[in-house]
Amino acid sequence: MNNNAWKFDTQAIRAGSLQSEFGENSEAIFLTSSYVFDSSSQAAARFAGNEPGNIYSRFTNPTVTMFQDRLAALEGGEACVATSSGMSAILATIMGLCSAGDHIVASRSIFGTTVQLFSNILKRWGLEVTFVSLTHLHEWEDATQKNTKLFFVETPSNPLTEVTDIKALSIIAHQKDIKLVVDNCFCSPALQKPLLFGADIIIHSATKYIDGQGRCLGGAVVADKKTIEPIYQFLRTAGPTMSAFNAWVFLKGLETLSIRMDAHSKNALDLASWLETQPQIDRVYYPGLASHPQHKLALSQQKTGGAIVSFEVKGGQKEAWGLIDSTRLISITANLGDVKSTITHPATTTHSRVSPEERQKAGIKDNLVRIAVGLEDIEDLKADLSSLSR
Ligand SMILES: *Cc1c(COP(=O)(O)O)cnc(C)c1O
């Protein structure tokens, strides 16, 4: 079921929904590895691709298909493939679209594991990645080579919430026939739809806001049909596909995505504004604050500042750890995208495998703390950080 005229919140609840012969109102979980054919000739027709239909759940599964169709509708994309995690969405995109000898330009400020994938693993397979600044777009132009196939960016970035001008970057990419990949995990389509600004491919870690309650791992790639096809071929052959159960959890997650993201954003803006007034804080990073250097750009492509707030406490690692360890309510975990607020020290967790020099270059100091603001009452969150006001 789909109707392109529907508004976002209707799509989030209705798009992609399929009803079985039992007439269920809530989407069903199809826990089956394979599908039965009417006859040998039907089996042959399915395998030959002459008749649409399910064959095996590594290829397609109705619950997964519903999730894919719904997410594609929300991002404004033609097609979507779901994966076992956010990392396998990134890997599948590269395996589908690049070959040995190709080159990728990526922002230095991307998810730590993505950096590891790009710099350690892809290299062994003959793919070269150049890392450049998220905000200085001339560096992307300068890094481009004849064999550059993809630009890869996250906006806003983790943990410093720097913002890339998606439109401007897509223009640079398209002049050279390069595809722009945006990891849209931090905003989700409820806050930002990069395809509208010229991006070609959207990556998701569904593990984060699409689930929204910290239960399942999953990922997705959204793009036009032609771009998705080789990515799908890689997935069905190599197998890092999404399970039907996880797809069902994510389908339910999409239904409340936009009200959750609005509520996360409201709490985050409130907390960021409060942090700015605390005497023991040096600096707050949040795109929704007027003090953010790219506040205007951020709000020209995002609906809100999002849910991630980072800040530097006066002092160094000792003071940052002291604050984190003084909390009783906020969970000390590096995950994000949960209704439960989480707090982490990026320099010794998410970015611990980045060398101290690279960390310094990226501006991730030892006194930096990141909070993924959840949906608890804001007054309780402030009270949990009260060691700051002492
Ligand atoms: C978590 C995350 C990923 C990886 O997703 P997994 O589901 O953990 O594999 C990729 N990109 C960003 C921005 C993330 O936050």
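Because the structure is predicted, anything quoted here is derived from the model rather than measured.

Draft legend 1. The sheet that holds strand E4 (residues 148–154), seen in detail. Read from one edge to the other, the open sheet built from seven strands follows the order E1-E7-E6-E5-E4-E2-E3, with strand pairing classed as mixed. Of all strands in the sheet, those bounded by a partner on one side alone are strand E1 (79–83) and strand E3 (128–132). The average angle at which neighbouring strand axes cross in this sheet is 20°, direction not considered. Note: strand E5 (residues 179–183) against strand E6 (residues 201–205), three bridges, orientation parallel.

Draft legend 2. The domain arrangement of the chain, seen in detail. Split into domains, the chain comes out as domain 1 (8–255) and domain 2 (258–389). The gap between the C-alpha centroids of domain 1 and domain 2 is 27 Å. Each partner contributes residues to the interface: domain 1 has 34 residues there, and domain 2 has 38 residues. Note on domain 1 versus domain 2: buried area summed over both sides is about 3,000 Å², and carbon and sulfur give 57% of it. When residues of domain 1 are sorted by the area they lose upon contact with domain 2, Leu160, Leu191 and Tyr209 head the list and together hold 25% of the total.

Draft legend 3. Structural detail: the packing of aromatic side chains. Enumeration over the complete set of coordinates arrives at six aromatic pairs. Measuring from ring centre to ring centre gives 6.3 Å for Phe37 and Phe47, while their planes differ by 70°; the resulting arrangement is edge-to-face. With Phe37 in the loop between helix H1 (8–14) and helix H2 (40–48) and Phe47 in helix H2, the pair connects residues that are ten residues apart, well separated along the chain. Here Phe37 falls in the partly exposed class, since its relative accessible area comes to 23%. By relative accessible area, Phe47 is classed as exposed at 56%.

Draft legend 4. Structural view of the site of the ligand. Inspection of the region around the ligand gives Ser85, Gly86, Met87, Phe111, Glu154, Asp183, Cys185, Phe186, Ser205, Thr207, Lys208 and Gly218 as its neighbouring residues. At 2.8 Å, a side-chain N or O of Ser205 approaches an oxygen atom of the ligand. At 2.6 Å from an oxygen atom of the ligand is found a side-chain nitrogen or oxygen belonging to Lys208. Bound to the protein, the ligand loses 92% of the 380 Å² it would expose on its own. Counting atoms within 2 Å of the grid points, the majority share of the ligand lands in the second largest pocket. Here the shell around the ligand is built from residues that sort into four nonpolar, five polar and three charged.

Draft legend 5. Examining the pairing of strand E9 (residues 308–313) more closely. Burial of E9 is extensive: six of the six residues sit out of reach of the surface. In terms of strand pairing, E9 meets strand E12 (residues 368–372) through five bridges, oriented antiparallel. Across the sheet, the residue bridging to Glu312 is Leu368, located in E12.

Draft legend 6. Just the layout of surface pockets, in detail. Of the voids in this model, the largest pocket is the one considered here, and its volume is about 510 Å³. Lining the largest pocket are 25 residues, with Gln68, Asp69, Ala79, Cys80 and Val81 sitting closest to its centre. The set of elements that each furnish at least two residues to the lining of the largest pocket consists of helix H3 (62–75), E1 and helix H8 (225–238). Looking at the lining of the largest pocket element by element, the count peaks at six residues for H3. When grouped by side-chain class, the residues that make up the lining of the largest pocket number twelve nonpolar, eight polar and five charged. In this structure, the second largest pocket occupies an estimated 300 Å³ of space. If you trace the second largest pocket, you find 21 residues lining it, with Gly86, Met87, Phe111, Ser205 and Lys208 closest to the centre.

Procedures and definitions
Residues numbered from 1 in each chain as written. Predicted model: local features only at pLDDT ≥ 70, side-chain atom pairs only at ≥ 80, totals over all residues. Heavy atoms only, no water. Pairing = 2+ DSSP bridges. Helix = DSSP H or I, 4+ residues; strand = E, 2+ residues; numbered from the N terminus. Axes fitted to C-alpha atoms, helices over the stretch in contact; angles between N-to-C directions. Domains from an automatic or database assignment. Contact = heavy atoms within 4.5 Å. Buried area = accessible area lost by both parts, 1.4 Å probe. Phe/Tyr/Trp six-rings, centres within 6.5 Å; stacked < 30°, edge-to-face > 60°. Buried < 20%, exposed > 50% of the residue type's maximum accessible area, 1.4 Å probe, protein only. Near = heavy atom within 4 Å. Polar contact = N/O pair within 3.5 Å; in protein donor to acceptor, adjacent residues only side chain to side chain. Areas by Shrake-Rupley, 256 points an atom, 1.4 Å probe, with all protein chains shown as cover. 1 Å grid on protein atoms, 1.4 Å probe; cavity = no way out; pocket = protein on both sides within 12 Å on 5 of 7 lines; lining within 4 Å. Sits in = over half its atoms within 2 Å of the grid points. Nonpolar A, V, L, I, M, F, W, Y, C, P; charged D, E, K, R; others polar. Points joined across faces, edges and corners; volume = space filled by probe spheres on them.

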